[in-house]
Every structure is written in C-alpha cells, then in structure tokens.
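# Fold and contact review
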Amino acid sequence: MKNLSKLIFLLLAIAIASCSKNDTIETVPLRDYAEQYAKDLDSINKFIDTHYMTVTPALDVTFAKIDEAQTSIRNQSEFPLQFKTVKKGEIDYKVYYINFREGGNRQPTKLDSVYVTYKGDLLSGTTFDTAQNPAWFALDRVVKGWPEIIPMFKTGFYDGGQSDSNPTSFTDYGAGLMFLPSALGYYGSSAGTIPLYSPLIYSFKLMELQYQDHDGDGILSKDEVATPGDDPELYDTDGDGIPNYKDADDDGDGYLTKFEIRDNGVITFPTCPGGTLPKYLDPTCH
C-alpha cells in the first residue's frame, strides 16, 4: 500500500511538471438543443418501431430487435405506449413512457425522495447502470426526466425483507419505463460509459418515498403551494424570486415561517386577527 501511494505521488508530480503555463484546456460548445432533440426523437422512434419488449411477471423488461412476427413496442397492446410533453427552455420534449403498473400506495412529487430499483439502457442495447436492490434518490438531484415521469406512479407496500430501515421486499409497487431525449438525461456531460448526447431508456420500480421539507420550516415542500397539486417551483408568496419551498420566510415579513405556523410551539397554522390568511403567508402580521 505504501509503495502504491509513492508511485501515485511520483506519477502526479511528473504530470504536473510536464504541463507548461501555456497549456490551455479546449472547450467544445454544446450542440443546439433543438437540432439535437430532433435527432434524439428520430432515434427513439426508430428504436420503438424496430424493437419488441419482453416483460416478466416481476415487471422486469428486456428489449430485442424484431426479426419475425414480434410486435413492436409501439404496437403492442398489453402495455400501451404513452407520452408526456415536458417543456425545458424553449423546447417541448416528447417523452415516451409505459405504465406496467401504477402502484397502490403513495404518490411522490418532483421534489421528494424515492426508493427505487432501476435499469438504464442505451439505444444500442448496452446497460450502463442498474440497481437490483432499492436505493434512495432525491428527484430534484437526478437526471431531469426522472422527476417528470416517476411522480406519475405510486409506491408499494412493505412486505418484509432485511430490516425496516433497509427494506427490500414490496408488493403492488409502481413500475414503468421511460425513453428520455438526451437533454433530459446527461446531454453534453460525461457520465461514465454513457456517450455524449445519448438518449436513455430507464425501467424502474417505485417502492417507497420520503416527502421532503427543503427549507426546514415544518411544511412539506409538496404542500408549499396555493392549491394542492400546483407546482411548488412556481409558488412565491413574497415575490422575492425564491419559491416558498426554499424560502425560510414565505411572506417576507422578517419572521421565519417555522415560528409563524406555530401557536405555543404546536403547529396549528394560526391566522391573523380579523384575517383569513395564515400568519406565515400574511406580511401584515406575525
């Protein structure tokens, strides 16, 4: 171990010494998003039309090219191909997905953490990532396609296995498949064995979730909206440019939300005298 450390140090020193002060790092401009999306969508459509899928009773999926009488992914009827339009920047992306099973328990939002198994494939057929045992992921910290599709499914029910703190066995979990244009994946960034500008295929099973409270004010991020179901990223009571789910002082009155939602230390969402708004949304009182 010590010899290996010395060797690594020596190689690093040589590498540093070999770099002159005139060396520059060449950067390559990102491709045009609209042009790349057109290429991605064409590639995804060709894959869907020239491949069929095999779905096991456990809702695991594999793909193969059509060679005889198989039915394409687009034309098979047991699990209909659907799509959702996702706007990112100036482009409306068509994201194909398949619902193998919706799930029977709770539904996450795009701000929550999910406990999932998954498999990631390239259109070439290469599997670039997989998790056969469930793992936790915050949906606002993963590739942009996940928080658009996974919240359309529901979690399952814990059915034993390992421990309550690290469960592995669930029933009636949501399971699906998504085809992501590269802009909703890694686009021009390097990610392991994934080539630049690669469309991605993810199959997944949604086991469990944790609702998040990003600003620690005692209100779950999914609930920091005017109306249930609204997008929390668009709700900003005091207009300071910080959505409520990230804002420790939602109404901008100088008093923290976590204190204004409590009465004698108990969360009750008290209203202002003579008013209808809860204190934490009304800058005129606290």
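Just so we're clear, the structure is a prediction, and the values are computed from it rather than from any experiment.

Our focus in this paragraph is the nonpolar core. Grouped together as the largest cluster of nonpolar side chains are 52 residues, with contacts concentrated most on Phe-100, Trp-146, Phe-179 and Tyr-202. Taken together, the elements giving at least two residues each to this core come down to helix H2 (33-50), strand S3 (81-88), strand S4 (91-101), strand S5 (113-122), strand S6 (127-138), helix H3 (146-149), strand S11 (174-180) and strand S12 (200-210). Among the elements that make up this core, the one with the highest residue count is S4 (seven residues). Leave out the neighbours within four places in its chain, and Tyr-202 touches Tyr-118, Lys-119, Gly-120, Phe-128, Val-143, Trp-146, Gly-176, Leu-177, Met-178, Leu-180 and Tyr-186.

The next thing to look at is the confidence of the model for the protein. The share of residues in the protein with pLDDT of 70 or more is 88%, and the mean pLDDT across the chain is 86. pLDDT under 50 marks residues 1-26. Its contacts with residues more than four places away, or in other chains, come to one contact.

By secondary structure assignment, the location of Asp-112 is in the loop between S4 and S5. You can call Asp-112 buried: its relative accessible area is 0%. Residues Asp-112 and Leu-139 lie 27 residues apart in sequence; the distance between their C-alpha atoms is 5.9 Å. Excluding residues that lie within four positions of it along the chain, Asp-112 makes contacts with Phe-137, Ala-138, Leu-139, Gln-210, Tyr-211, Gln-212 and Lys-222.

Here Asp-172, not a glycine, exhibits a phi torsion of approximately 55 degrees, which is positive. By relative accessible area, which is 35% here, Asp-172 ends up partly exposed. The phi angle at Phe-269 is positive, at roughly 55 degrees, despite the residue not being glycine. In this fold, Phe-269 is placed in the segment after strand S14 (266-267). A relative accessible area of 36% means that Phe-269 is categorised as partly exposed.

Below, the discussion takes up the state of the cysteines. According to the stated counting rule, one finds one disulfide in the structure shown. For Cys-272, the disulfide goes to Cys-285, at an S-S distance of 1.7 Å. When the S-S torsion is -65 degrees, as for the bridge of Cys-272 with Cys-285, the disulfide is left-handed. Highlighted residues: Cys-272 in the segment after S14 and Cys-285 in the segment after S14, separated in sequence by 13 residues. Comparing Cys-272 with Cys-285 shows no difference in burial state: the two are buried.

With that settled, the discussion passes to H2. Taking 1.5 Å per residue, 18 residues should reach 26 Å; H2 reaches 26 Å between its end C-alpha atoms and fits that length. Those residues of H2 not exposed but buried are Gln-36, Tyr-37, Asp-40, Leu-41, Ile-44, Asn-45, Phe-47 and Ile-48. All buried residues of H2 project into a common sector of 165 degrees when viewed along the axis, lining one side. Exposed side chains of H2 directed beyond 90 degrees from the buried face belong to Glu-35, Lys-39 and Lys-46. Those residues of H2 that are buried are in contact with strand S1 (51-55), strand S2 (61-65), S3, S4, S11 and S12. Backbone nitrogen of Ala-34 and a side-chain oxygen of the N-cap are separated by 3.1 Å at the start of H2; the cap is Asp-32.

A few words on the sheet that holds S4. Consider a sheet: its strands pair through backbone hydrogen bonds, and that pairing is either parallel or antiparallel. Pairing in this open sheet of six strands is antiparallel, and the strands run S3-S4-S11-S12-S5-S6 from one edge to the other. Of all the strands in the sheet, the pair left with one neighbour each is S3 and S6. Going across the sheet, the axis of each strand differs from the next one's by a mean of 25 degrees, ignoring polarity. Sheet topology places S5 next to S6; eight bridges connect them, and they run antiparallel. For Val-114, the partnering residue across the bridge sits in S6 and is Phe-137. Running at roughly 30 degrees to S4, H2 makes contact with S3, S4, S11 and S12 of the sheet.

Let us now look at the environment of Val-142. Among the structural elements, Val-142 can be located in the loop between S6 and H3. As for Val-142 and Gly-185, which are separated by 43 residues in sequence, their C-alpha atoms are 8.7 Å apart. Contacts of Val-142, omitting those with residues within four sequence positions, involve Phe-137 and Pro-147.

About the thresholds
- Residues numbered from 1 in each chain as written.
- Predicted model: local features only at pLDDT ≥ 70, side-chain atom pairs only at ≥ 80, totals over all residues.
- Heavy atoms only, no water.
- Core = buried A, V, L, I, M, F, W, Y, C linked by side-chain atoms within 4.5 Å.
- Buried < 20%, exposed > 50% of the residue type's maximum accessible area, 1.4 Å probe, protein only.
- Helix = DSSP H or I, 4+ residues; strand = E, 2+ residues; numbered from the N terminus.
- Contact = heavy atoms within 4.5 Å.
- pLDDT = per-residue confidence, 0-100.
- Disulfide = S-S within 2.5 Å.
- Expected span 1.5 Å × (residues − 1).
- Arc of directions from axis to C-beta.
- Polar contact = N/O pair within 3.5 Å; in protein donor to acceptor, adjacent residues only side chain to side chain.
- Pairing = 2+ DSSP bridges.
- Axes fitted to C-alpha atoms, helices over the stretch in contact; angles between N-to-C directions.

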